[in-house]
Amino acid sequence: MKKEVAARGVDLISLGIGDPDQPTFPHIVRALAEAATRPANHRYPDYEGLPSFRAAAASFVGARFGVELDPATEVVSLIGSKEGIANLAVAFVDPGDVVLVPDPGYPVYGIGTLFNGGTVYRMPLTAENGFLPDLAAIPEDVARRAKLMWLGYPNNPTAAVATVGFFADVVEFATRHGIIVAHDNAYSEIYYDEPPPSFLATPGARALGIEFHSLSKTYNMTGWRVGFAVGNRELVAGLGKVKTNVDSGVFQAVQEAAIAALTGDQTPVAEMRQVYRARRDLLLGGLARLGLEAQPVRGTFYVWVRVPRGFTSASLTAKLLQEIGVVVTPGSGFGAAGEGYIRFSLTVPEARLREAVARLERLRL
Ligand SMILES: Cc1ncc(COP(=O)(O)O)c(C=O)c1O
């Protein structure tokens, strides 16, 4: 539909995908350029990640979240966190295993499960529960058969953040039922109030948890494909074992640039947060004036908006695209519980957001 509308010559405002519009910070690009000239980096990389990369990842996690890691056994490099999220299921999900997946949620959690013969049990995230799953609502027999639980906060698509108390409840639940907890922290640095916590900082989490980190959103590096997983050493080793059989690691020059990102000046990240804050406030203000109900945006660069009466996620998405050239994502694309919502992404300049709001105004929803 988007191609059809674009072919008509419509000036599309793309608020559909989560790909930062700003460039990678210059000191990181310079580090890559320098590292790419060194022949040692032209060979196969260290599969689990250069020791120096893993040390940089551990020091970032230590400084930011207060979680001390052994770089040799508790950190593995990833070709973007998506790769690790998909491969975790290869490592740990066997046919018949139940995997607890948030709904709405990042689609790879469920798809990785299905590719490996697992059964997805969807945990609804509702506004009433602050978009945190209701653990008490998971039936006993499902919890008994569950192998793995996926969580991700700051949350795509709902923009919610988790509380320390919720993570403590998750540790208690997962310990009681012998469940692995995989926490996706790809948006850890995109926040508006207090810095969100690591799941691994929760007492007891290290015994059963693995956490996924990404440089994609933090440093505007989506195209570079670099991230890392940290946590329980058996879980990290299991993921690493799969990876040594299916890929050969991250280009070492990219790892060196990632070290520059993780250990360098973090001021550009704080400045980036201010850019998203201004965009968020602009869009939230516009939506409120139009009577559209947005959920609180505590993290990520998404805005999760309730669809007005008379529309579905898909019908409103189609109307916005065809009538005003504004591209959003239908909430139903993130799972059945996403029905009734659309997601706006804050990855365009303020002028474009202002224009999107002006066009929405014309629609009189
Ligand atoms: C929730 C979530 N997790 C993980 C990823 C994957 O990011 P990457 O593979 O670039 O690290 C994304 C990308 O959009 C995401 O939204």
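Residues numbered from 1 in each chain as written. Predicted model: local features only at pLDDT ≥ 70, side-chain atom pairs only at ≥ 80, totals over all residues. Heavy atoms only, no water.

Asker: Any details on the site of the ligand? Residues and values, ideally.
Answerer: For the ligand, the set of nearby residues contains 14 residues, the closest of which are Asp184, Ser214, Ser216, Lys217 and Arg225. One of the side-chain N or O atoms of Asp184 is found 2.6 Å from a nitrogen atom in the ligand. Contact with the protein chains covers 90% of the free accessible surface of the ligand, which is 400 Å². Ranked by the residues each element gives to the shell around the ligand, the list is headed by helix H4 (residues 81-92), at three residues. Along the lines of polarity and charge, the residues of the shell around the ligand split into five nonpolar, five polar and four charged. (Near = heavy atom within 4 Å. Polar contact = N/O pair within 3.5 Å; in protein donor to acceptor, adjacent residues only side chain to side chain. Areas by Shrake-Rupley, 256 points an atom, 1.4 Å probe, with all protein chains shown as cover. Helix = DSSP H or I, 4+ residues; strand = E, 2+ residues; numbered from the N terminus. Nonpolar A, V, L, I, M, F, W, Y, C, P; charged D, E, K, R; others polar.)

Asker: Lay out the pattern of salt bridges in plain terms, naming residues and giving numbers.
Answerer: What the rule picks out here adds up to 19 salt bridges. Across the salt bridge formed by Arg359 and Asp11, the nearest N and O atoms sit 3.0 Å from each other. Here Arg359 is found in helix H12 (residues 350-363), whereas its partner Asp11 is found in the loop between helix H1 (2-7) and strand S1 (13-14), with 348 residues between them in sequence. Residue Asp281 is joined to Arg280 by a salt bridge in which the shortest nitrogen-to-oxygen separation is 3.0 Å. For Arg280, a relative accessible area of 11% corresponds to the buried category. (Salt bridge = Lys/Arg side-chain N within 4 Å of Asp/Glu carboxyl O. Buried < 20%, exposed > 50% of the residue type's maximum accessible area, 1.4 Å probe, protein only.)

Asker: Can you tell me about the packing of aromatic side chains, naming the residues and giving the values?
Answerer: One pass over the structure, following the stated rule, counts 15 aromatic pairs. Taking the centre distance of 5.5 Å and the plane angle of 40° together, the rings of Trp150 and Phe212 count as tilted. Remark: Phe212 occurs in strand S7 (residues 209-214) and Trp150 occurs in strand S5 (residues 146-151); sequence separation between them is 62 residues. Judged by centre distance (6.1 Å) and plane angle (75°), the rings of Tyr153 and Phe166 are edge-to-face. (Phe/Tyr/Trp six-rings, centres within 6.5 Å; stacked < 30°, edge-to-face > 60°.)

Asker: So what's going on with helix H11 (residues 313-324)? Which residues, and what values?
Answerer: Spanning twelve residues, H11 covers 16 Å between terminal C-alpha atoms, matching the ideal 16 Å at 1.5 Å per step. Within the span of H11, buried status applies to Ser313, Leu316, Thr317, Ala318, Leu320, Leu321 and Ile324. Residues of H11 that are buried make contact with H1, strand S10 (326-327), strand S11 (329-330), strand S12 (341-345) and H12. With its phi angle positive at about 65°, Gly325 sits one or two positions after the end of H11. (Expected span 1.5 Å × (residues − 1). Contact = heavy atoms within 4.5 Å.)

Asker: Could you give me a rundown of the packing of H4 against helix H5 (residues 108-115), with the residues and numbers involved?
Answerer: Packed helix pairs are characterised by how far apart their axes lie and by the angle those axes make with each other. Where H4 contacts H5, the axes come no closer than 8 Å and their chain directions differ by 35°. Judged by the sense of rotation from one axis to the other, the crossing of H4 with H5 is right-handed. Facing Lys82, Ile85, Ala86 and Ala89 of H4, the residues of H5 in contact are Val108, Tyr109, Gly112 and Thr113. Counted by class, the contact of H4 with H5 contains five nonpolar, two polar and one charged residues. (Axes fitted to C-alpha atoms, helices over the stretch in contact; angles between N-to-C directions. Left-handed = near helix turned anticlockwise from the far one by under 90°.)

Asker: Residues and numbers for the sheet that holds strand S6 (residues 180-184), please.
Answerer: Pairing is mixed across the open sheet formed by seven strands, whose spatial order is S2-S8-S7-S6-S5-S3-S4. Both edges of this open sheet fall to strand S2 (75-78) and strand S4 (119-124), since each of them pairs with a single strand only. The average undirected angle you get between the axes of adjacent strands in this sheet is 20°. Summarising the sheet, S7 and strand S8 (residues 227-231) pair through five bridges and their orientation is antiparallel. Bridge pairing in S8 places Glu211 opposite Val230. Together, S2, S6, S7 and S8 form the strand contacts of helix H8 (residues 233-246), whose direction differs from that of S2 by roughly 35°. (Pairing = 2+ DSSP bridges.)

Asker: How would you explain the nonpolar core if you had to name every residue and give the values?
Answerer: Proteins that are soluble and globular tend to have nonpolar side chains buried together. By size, the foremost hydrophobic cluster in this structure holds 64 residues, and its most contacted members are Leu215, Tyr219, Val226, Phe228, Leu262, Leu320 and Phe344. Aside from chain neighbours lying at most four places away, what touches Leu320 is Gly325, Val326, Val328, Ile342, Leu360, Leu363 and Leu365. Core analysis: the next-biggest nonpolar cluster, separate from the first, contains 30 residues, Phe131, Leu132, Ile138 and Phe334 among them. (Core = buried A, V, L, I, M, F, W, Y, C linked by side-chain atoms within 4.5 Å.)

Asker: Before we move on, can you summarise a nonpolar patch on the surface with the specific residues and values?
Answerer: A contiguous nonpolar surface patch, about 360 Å² in accessible area, is contributed by Ile111, Leu114 and Phe115. Along the polypeptide, Leu114 turns up in helix H5. (Patch = residues over 30% accessible without salt bridge, like charges linked within 9 Å, V, L, I, M, F, W, Y side chains within 5 Å.)

Asker: Quick one: what's the story with the environment of Thr263, residue by residue and with numbers?
Answerer: Tracing the sequence through the fold places Thr263 in helix H9 (residues 252-263). Sequence separation of Thr263 and Gly62 is 201 residues, and the distance between their C-alpha atoms is 12 Å. Residue contacts for Thr263: discarding those within four places in its chain leaves Ala56 and Ser59. There is a polar contact of 2.6 Å between the side chain of Thr263 and the backbone oxygen of Ile259.

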